[in-house]
Amino acid sequence: MAHFSMFIFFLLWYLFELGNPSALYYEFYFPLMILSLVCYPLVALFRMRRSVSDTSNKLVLLRQLAFLGNAIGFFIGLLLLSHKWGFELDVNPLYVVAFVMVFSILLLTNYLIIAKGYETTDIEDIRPQKIRVVMDDSRIRQCAEKLADCMCEDKLFLDAGLTLDDLSKKTALPKALITDYINQQLQTNYYEWLAKFRIEHAKDLLEHERQVLKMEVLANQSGFNSKTTFYRYFKQYVGMSPSAYRENIESSGW
């Protein structure tokens, strides 16, 4: 975004001066754009430092293009310095541009050829197997009790931003233990499990709240940050929309 914003700034400046900018424009434009051209690939390489052992084709290609971008930036910088300070480079810029273009095409072609051979690879086969926690009766009981306390008494499900990490901290239970308990013992996943508490709370509001709440308000008060998600889970667990459920309550005189 920083690189793009700088480009937009100079483009507007150029248009403002009707395509005939002053010398001041070039004094700022070339140094800053070259600096950006050099720094942008460096930032990309720095952010990939954690994946240095990753040999995937896409990452290798990205590293190669980033190094190439650095080389281009340094070369253009040298051209600018040679023009500013009056020394000559014993290199024809057109040859360098042609070399860069050919090298880039070869990199992309090589990537496409290699990637084509992996089109039929089953992604599930290369994913690391999830380590499961061995759950005995005491662990199951401990997990069930702590989660019930947090959900039924503390009503943590009303927090729309509640994550598995947050729940792990609140219950002092390992995240892997919570996940395996929900997956293995309850036969569901974290989001489905959390949504059940929220839907039950929404049903309780519909049945006992005297004031007619708008659906957006009802969703928010039940822990959902999206009305669409609220509608989807409500129909999934109740079998009808919240509006239809409210109409049934009113017609039956609950």
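Now for a look at the structure at hand. (Residues numbered from 1 in each chain as written. Predicted model: local features only at pLDDT ≥ 70, side-chain atom pairs only at ≥ 80, totals over all residues. Heavy atoms only, no water.)

### Notes on the overall build of the protein
Thinking step 1. A count of helical and extended segments in the protein gives 12 helices and zero strands.
Thinking step 2. Mapped in sequence order, the helices and strands of the protein form the string α-α-α-α-α-α-α-α-α-α-α-α.
Thinking step 3. Evaluated residue by residue, the protein yields a buried proportion of 30% over its 254 residues.
Thinking step 4. Taking the intrachain contacts of the protein between residues at least 6 apart in sequence as the baseline, contacts between residues at least 24 apart amount to 60%. (Helix = DSSP H or I, 4+ residues; strand = E, 2+ residues; numbered from the N terminus. Buried < 20%, exposed > 50% of the residue type's maximum accessible area, 1.4 Å probe, protein only. Contact = heavy atoms within 4.5 Å.)

### Regarding the packing of helix H9 (residues 190–208) against helix H12 (residues 242–252)
Thinking step 1. Here H9 crosses H12 at 40 degrees, and the two axes come no closer than 10 Å. For the element pair H9 / H12, the angle class is oblique. Between H9 and H12 the crossing geometry is right-handed. The residues of H12 that touch H9, namely those facing Lys203, Leu206 and Glu207, are Pro242, Tyr245, Arg246 and Ile249. (Axes fitted to C-alpha atoms, helices over the stretch in contact; angles between N-to-C directions. Parallel < 35°, antiparallel > 145°, perpendicular 65-115°, else oblique. Left-handed = near helix turned anticlockwise from the far one by under 90°.)

### Points about the environment of Phe7
Thinking step 1. Mapping Phe7 onto the fold places it in helix H1 (residues 2–16).
Thinking step 2. Between the C-alpha atom of Phe7 and that of Ser36, which follows or precedes it by 29 residues, the distance is 9.4 Å.

### Here we look at the nonpolar core
Thinking step 1. Counting 18 residues, the largest nonpolar core has Leu147, Met151, Leu167, Ile178, Tyr190, Trp193 and Leu194 as its most contacted members.
Thinking step 2. Looking at this core, the elements that each hand over two or more residues are helix H6 (137–153), helix H7 (164–171), helix H8 (175–185) and H9.
Thinking step 3. Each residue touching Leu167, except ones within four places of it in the same chain, is listed here: Leu147, Cys150, Met151, Leu156, Leu162, Ile178, Tyr190 and Trp193.
Thinking step 4. The next biggest cluster of nonpolar side chains, apart from the first, holds 15 residues, and it includes Ile199, Ala202, Leu205 and Leu213. (Core = buried A, V, L, I, M, F, W, Y, C linked by side-chain atoms within 4.5 Å.)

### Considering the pattern of salt bridges
Thinking step 1. Summed over the entire model, instances satisfying the criterion amount to three salt bridges.
Thinking step 2. Of the charged contacts, one joins Asp165 and Lys175 as a salt bridge, the two residues approaching to 2.9 Å between their closest N and O atoms. Taken as a pair, Asp165 in helix H7 and Lys175 in helix H8 lie far apart in primary sequence, 10 residues in all.
Thinking step 3. Taking relative accessible area as the criterion, Asp165 reaches 41% and is therefore assigned partly exposed. (Salt bridge = Lys/Arg side-chain N within 4 Å of Asp/Glu carboxyl O.)

### Some remarks on a negative patch on the surface
Thinking step 1. On the surface, a cluster of negative charge is made up of Glu145, Asp149, Glu153 and Asp154.
Thinking step 2. Mapped onto the elements of the fold, Glu153 is located in helix H6. (Patch = residues over 30% accessible without salt bridge, like charges linked within 9 Å, V, L, I, M, F, W, Y side chains within 5 Å. Areas by Shrake-Rupley, 256 points an atom, 1.4 Å probe, with all protein chains shown as cover. Lys, Arg positive; Asp, Glu negative; His and termini not counted. Charge placed at Lys NZ, Arg CZ, Asp CG, Glu CD.)

### Here we look at H6
Thinking step 1. Between its terminal C-alpha atoms H6 stretches 23 Å, which fits the 24 Å expected from 17 residues at 1.5 Å a residue.
Thinking step 2. Among the residues making up H6, those that are buried are Ile140, Cys143, Leu147, Cys150 and Met151. Projected onto a plane normal to the axis of H6, the buried residues spread over an arc of 110 degrees and lie on a single side. Facing away from the buried surface of H6 by more than 90 degrees, the exposed residues are Asp137 and Glu153.
Thinking step 3. Here the buried face of H6 lies against H7, H8 and H9.
Thinking step 4. Just beyond H6, the residue with positive phi is Lys155, at close to 55 degrees. (Expected span 1.5 Å × (residues − 1). Arc of directions from axis to C-beta.)

No statement about biological role is implied by the geometric values presented.
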